[in-house]
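Next come the chains, spelled out residue by residue.
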Amino acid sequence: MSLQLVTVPTRTEARYVNGTFSVTSTLIDHIYCLFERNVASVHVPPLSLNDHYPVFLVRRCNASLRSKRNEKNAIQYRSLSNLNKTDFREDLRLAPWSSIEAFDDPTSALALWYEIFQSVVERHSPLRTKRVKSLQLPKWMTPESLSDIKKRDQLKAKARNGTISWETFRPACRNRISFNINKQKRITLHTKFYRTNMTRGNYGN
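Throughout this document, residue positions are counted from 1 along each chain, in the order its sequence is written. Note on the predicted model: pLDDT of at least 70 is required for a residue's local features to be given, and 80 or more for side-chain atom pairs to be given and counted; whole-chain, interface and lining totals, by contrast, use all residues. Water and hydrogen atoms were dropped before computing side-chain values, which therefore reflect all heavy atoms in the structure.

## Focus on the overall build of the protein chain
Convention followed: What counts as a helix is a DSSP run of H or I of at least four residues, what counts as a strand is a run of E of at least two, and both are numbered from the N terminus. Relative accessibility thresholds used throughout: buried, under 20% of the residue-type maximum; exposed, over 50%; partly exposed, between the two (1.4 Å probe, protein chains only). Here, two residues are considered to be in contact whenever any of their heavy atoms come within 4.5 Å of each other. All accessible areas in this document rest on Shrake-Rupley with a 1.4 Å probe, and a residue is counted as covered only by the protein chains that are shown.
If you tally the helices and strands in the protein chain, you get five helices and eight strands. Shown N-terminal to C-terminal, the secondary structure of the protein chain runs as helices and strands in the order β-β-β-β-β-β-α-β-α-α-β-α-α. Taken across its 205 residues, the protein chain has 16% of its residues classed as buried. At a minimum sequence separation of 6, the contacts of the protein chain that also span at least 24 residues come to 53%. Counting every atom, the protein chain has about 16,400 Å² of accessible surface; 55% of that belongs to carbon and sulfur.

## Points about the packing of helix α2 (residues 85-94) against helix α3 (residues 106-124)
The line we're drawing: Lines fitted to C-alpha atoms define the axes, with helix axes restricted to the stretch in contact, and inter-axis angles between N-to-C directions lie between 0 and 180 degrees. An angle below 35 degrees is treated as roughly parallel, one above 145 as roughly antiparallel, one from 65 to 115 as roughly perpendicular, and anything else as oblique. What makes a crossing left-handed is the near helix being turned counterclockwise from the far one by less than a right angle; a clockwise turn instead makes it right-handed. When residue character is reported, Ala, Val, Leu, Ile, Met, Phe, Trp, Tyr, Cys and Pro are called nonpolar, Asp, Glu, Lys and Arg charged, and the others, Gly included, polar.
Running from amino to carboxyl end, α2 crosses α3 at an angle of 155°, the nearest separation of the two axes being 10 Å. For the element pair α2 / α3, the angle class is roughly antiparallel. Our pair here, α2 against α3, has a crossing hand that is right-handed. Between α2 and α3, the contacting residues are Asp-87, Phe-88, Asp-91 and Leu-92 on the first element and Phe-117, Val-120, Val-121, Arg-123 and His-124 on the second. For the contact of α2 with α3, the class distribution of residues is five nonpolar, one polar and three charged.

## Considerations on the packing of aromatic side chains
Our working rule: Between rings of Phe, Tyr and Trp, where Trp is taken as its six-membered ring, a pair exists when centres lie within 6.5 Å; planes separated by under 30 degrees are stacked, by over 60 edge-to-face, and by other angles tilted.
A full pass over the atoms with the stated rule returns two aromatic pairs. Between Trp-97 and Trp-113 the ring centres are 6.0 Å apart and the planes differ by 35°, which places this aromatic pair in the tilted class. Residue Trp-97 is located in the loop between α2 and α3, and its partner Trp-113 is located in helix α3; the two are separated by 16 residues in the primary sequence. For Trp-97, a relative accessible area of 25% translates into the label partly exposed. Between the aromatic rings of Trp-113 and Phe-117, the centroid separation amounts to 5.3 Å while the plane-to-plane angle is 5°, which identifies the pairing as stacked. Placement of the pair is Trp-113 and Phe-117 together in helix α3, with a separation of four residues, close to one helical turn. By relative accessible area, which is 27% here, Phe-117 ends up partly exposed. Taken together, Trp-97, Trp-113 and Phe-117 form an aromatic cluster joined through their ring pairs.

What follows is the structure, encoded as structure tokens:
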């Protein structure tokens, strides 16, 4: 719901009636905003050549970005890397599935099935919460880029503990991976620029 931010009169009118001089003030110029946090201040200076005062606001730059930057994003996930498939299947086999037959209502039967299945899943692969920088990866972050970054971090850890030398790490891994990441960024930006200009109909002009 939009908010009206102007709170002082924006129009004055002087009248002289029956020997009496009076001034009336009304608020007839409005500024509406969906997000008040984006506005730093609203001003109505009493300066004008007519009976209306100028109305303006000061917008808070990147207010929405700043608020999002201060938020702590988190995701929930289940890790299957250490899942014992044999034990998982065995617990599913021993689960009390027969209790579902006690319900005639399919909605209640489905709810109980989900509850039983979810309890087995939770026992073998509990739900985890992890803080992340962003809920959405940038478009240049391809699966290949993620794989390269993971490999780079692994080799960097080996260089730190002395398993490999820094001279081996820098040219063989860091430089090559940085080049590939920068290349993917250039491709993504070029593609976005091309599509934007094609949409506007002025690509190459």
